Amino acid sequence: MLSFGSVIGAGMQAPGRGAAPSRRSTPRGVLVACALACLPVASCSRTTGARADAAADGSGGGVVRIGVAALPKPTVGELAPADPMGVLASDLVFDGVTDWDAAKRRVAPGVAKSWTTTDGISWMFTIDPLAEFSDGTPVTADSVVAALTEVARGGGLAGGRLDVIAGVKEFRAGGAATIRGLVATDASTLTIEMSSANYELPALLADPSYGIGRPTGDGEAGAAQVVGSGPFVPVASDGTTLRLAPAESDIDGVSAIEFVAFGSDDAAMKAYEAGSVDVAPAANGVALVEAGGDARFRVSAGTLMLSVSNLAPPLADVGVRRALLAGVDREAAVAAMGDAWAVANGVVPGDLVSAAVCDASCGVDDAVARNGLMGLAATGAPLHLDVPAGDVAARLAAELERQIEVVGVPVEVRPVDGAALEQAVGGGGSELLLFAQVGLAPSVDPYLAQGFAGGGGENVSGMSSPEFDSALAVARATSDADARADAYRQAEAIVVSNGAALPLAELGRTYAVRRSVRGVQPVSGVLFDGRSVHVAANR
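Here the structure is a predicted model, which means the values were calculated and not measured.

Engineer: Is there a simple way to think about the overall build of the protein in this case?
Structural biologist: Looking only at helices and strands, the protein has 19 helices and 23 strands in total. Put simply, the protein has 539 residues, and 56% of those count as buried. Accessible surface, the protein: about 19,700 Å² in total, of which carbon and sulfur atoms supply 53%.

Engineer: Sorry, what's going on with the packing of helix α17 (residues 445-452) against helix α18 (residues 466-476) here?
Structural biologist: Two quantities define a packed helix pair, namely the angle between the helix axes and the distance between the axes. The N-to-C vectors of α17 and α18 enclose an angle of 155°; their axes lie 11 Å apart at closest approach. The angle between the axes of α17 and α18 places the two elements in the roughly antiparallel class. By crossing handedness, the relation of α17 to α18 is classed as left-handed. Within the contact between the two elements, α17 uses D445, L448, A449 and F452 and α18 uses F468, L472 and R476. Each residue belonging to the contact of α17 with α18 can be placed in one class, and the counts come to 5 nonpolar, no polar and 2 charged.

Engineer: Would you mind going over the pairing of strand β5 (residues 98-101) with me for this structure?
Structural biologist: On a regular strand, one side chain projects to one face of the sheet and the next to the other, so that they alternate. Residues T98 and W100 line one face of β5 and the alternating positions D99 and D101 line the opposite face, and both faces are buried. Judged from the 4 bridges that link them, β5 and strand β6 (residues 106-109) form a sheet pairing that is antiparallel. Pairing of W100 across the sheet is with V107, part of β6. Between β5 and β6, which follow one another and run antiparallel, lie 4 residues, and R105 among them has a positive phi close to 55°.

Engineer: Would you take a moment to explain the packing of aromatic side chains for this structure?
Structural biologist: Both the distance between ring centres and the angle between the ring planes are used here to describe each pair of aromatic rings. Applying the stated rule across the entire model yields 3 aromatic pairs. Each ring, one from W115 and one from F125, has its centre 6.1 Å from the other, and the planes form 35°; the classification is tilted. In this pair, W115 sits in strand β7 (residues 112-117) while F125 sits in strand β8 (residues 122-127), placing the two residues 10 residues apart along the sequence. Summarising the aromatic geometry, the rings of W123 and F125 are spaced 6.1 Å apart at their centres and angled 20° between planes, so their arrangement reads as stacked. Both residues of the pair, W123 and F125, belong to the buried class. Chaining the aromatic ring pairs together yields one cluster made of W115, W123, F125 and Y199. Sitting over the face of the ring of Y447, R161 holds its NZ or CZ atom 5.1 Å from the ring centroid. Over the aromatic face of Y272 sits the side chain of R514, whose NZ or CZ is 4.1 Å from the ring centroid.

Engineer: Sorry, what's going on with the pattern of salt bridges here?
Structural biologist: Side chains bearing opposite charge may pair, as long as their charged atoms lie close to each other. Throughout the structure, instances matching the rule amount to 17 salt bridges. Its salt-bridge partner being E150, residue R153 comes within 3.0 Å of it at the nearest N-O pair. Residue R153 and its partner E150 are both found in helix α4 (residues 141-154); the two are separated by 3 residues, about one turn of the helix. With a relative accessible area of 44%, E150 lands in the partly exposed category. Two residues, R489 and D486, come together in a salt bridge whose shortest N-O distance is 2.7 Å. Here the residue R489 and the residue D486 both occupy positions in helix α19 (residues 481-497), the gap between them amounting to 3 residues, near one helical turn. Classification of D486 by relative accessible area gives partly exposed; the value is 40%. Several salt bridges converge on common partners, so that one network encompasses R65, R243 and E258.

Conventions used here
Residues numbered from 1 in each chain as written. Predicted model: local features only at pLDDT ≥ 70, side-chain atom pairs only at ≥ 80, totals over all residues. Heavy atoms only, no water. Helix = DSSP H or I, 4+ residues; strand = E, 2+ residues; numbered from the N terminus. Buried < 20%, exposed > 50% of the residue type's maximum accessible area, 1.4 Å probe, protein only. Areas by Shrake-Rupley, 256 points an atom, 1.4 Å probe, with all protein chains shown as cover. Axes fitted to C-alpha atoms, helices over the stretch in contact; angles between N-to-C directions. Parallel < 35°, antiparallel > 145°, perpendicular 65-115°, else oblique. Left-handed = near helix turned anticlockwise from the far one by under 90°. Contact = heavy atoms within 4.5 Å. Nonpolar A, V, L, I, M, F, W, Y, C, P; charged D, E, K, R; others polar. Pairing = 2+ DSSP bridges. Phe/Tyr/Trp six-rings, centres within 6.5 Å; stacked < 30°, edge-to-face > 60°. Lys NZ or Arg CZ within 6 Å of the ring centre and 35° of its normal. Salt bridge = Lys/Arg side-chain N within 4 Å of Asp/Glu carboxyl O.

Right, here's the structure in full:
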């Protein structure tokens, strides 16, 4: 969960990853020296001499140049969904235990070539014997245990969403030195024990936040250096350009991917219009994109919602919460934010499985609202709407205030800073709250479980519904993927029917991509899969 203000402040706007091919052994060739002044990635590549030469001169499959405001920093652990280029760079440099096939919408191999379970509780992952770090050392089960342990230790969204693994909660609370549910049985076998049956584990581990790296000591200014395990490796950075070259011999679609910093999104878009980069933020490039045959791709990683407290006395009755939300015109509310925002149709980010719950459950009904809120209106006491500072938040809050007061309930808008807002969220004290549900997992589970289950670490409304918790447990314990998706849809519908949250706007960023760059398919905060993207010969 993020406050709305932190999302807007990070630059998230309103409105792929493909199947990983089998690894092939990469000849060791020459080591390309790297000089990365500010990146937490170790400075050597295992690309072959031919591959290094191709990366240097732009031959081979061609170079994809991405215009950005500031250079991304490939890293492991907690990633910021509001920074899609940082997520993309990290996903290119670090492989996870599993990957996600955006085209087929299913889990694919990462550093693990296969996995098995008979009950959804005990899982065995077999590490690919060809999986290597970029310095040529093998990826082992111990490497994976160490990497996931560090993510859990770091906390945040990524660490908290590993709580489904047995022993993670105790470890994060300081009650255990290791995670009992993460065991390297031998060099090639990773055993993961879940707290309860959960067939979504492979999808959860495809989250780029769980990339596998190998620490190699401290670099400049004491920053830890980490060797990557992914399909690309940093080979050069001069402060304005970060160049990544393929680390695998079977990547022939591109010879390099470059991030080029221009100081602002507008300047990056101007560079795109001038033809010097292939990808850029599309906010000011709509006309060019539509006229030139290029494409726009939206990287969606969150949903802005209005949370309604289940704990505050005025809203403890589910009928009152439902009546309150029946008085909210979502289209008008989102329109008040500005032209670029799109109305969300579900609780989870837009490119994931969704019940499209708002097709049936989020309509405006003034009669229901007025009748259901008569008792609350009679008290004359205002409801408090907590919002972060900022023009967009203020416009949205003003529209919500107007709509709710129309049906008879006064509203007091309370602008709060980030620290105060987080404190209010932690105590469950906000009657009404604007918040963003964000993340990078190509799975519905962490968004629903952490945000709305009893005891969920991101449960800002205080929702405690045995019906929802039971539906979530059923979904997790369902082995068939299609049946499991249906079960998650039912659980998502319960969230809205409970009146705990009303989806408002989709969060994400839109990028213009030149038509010569093929294979782009965004999913869960990642613009494209480096193994699938390629540059057309006639660019």
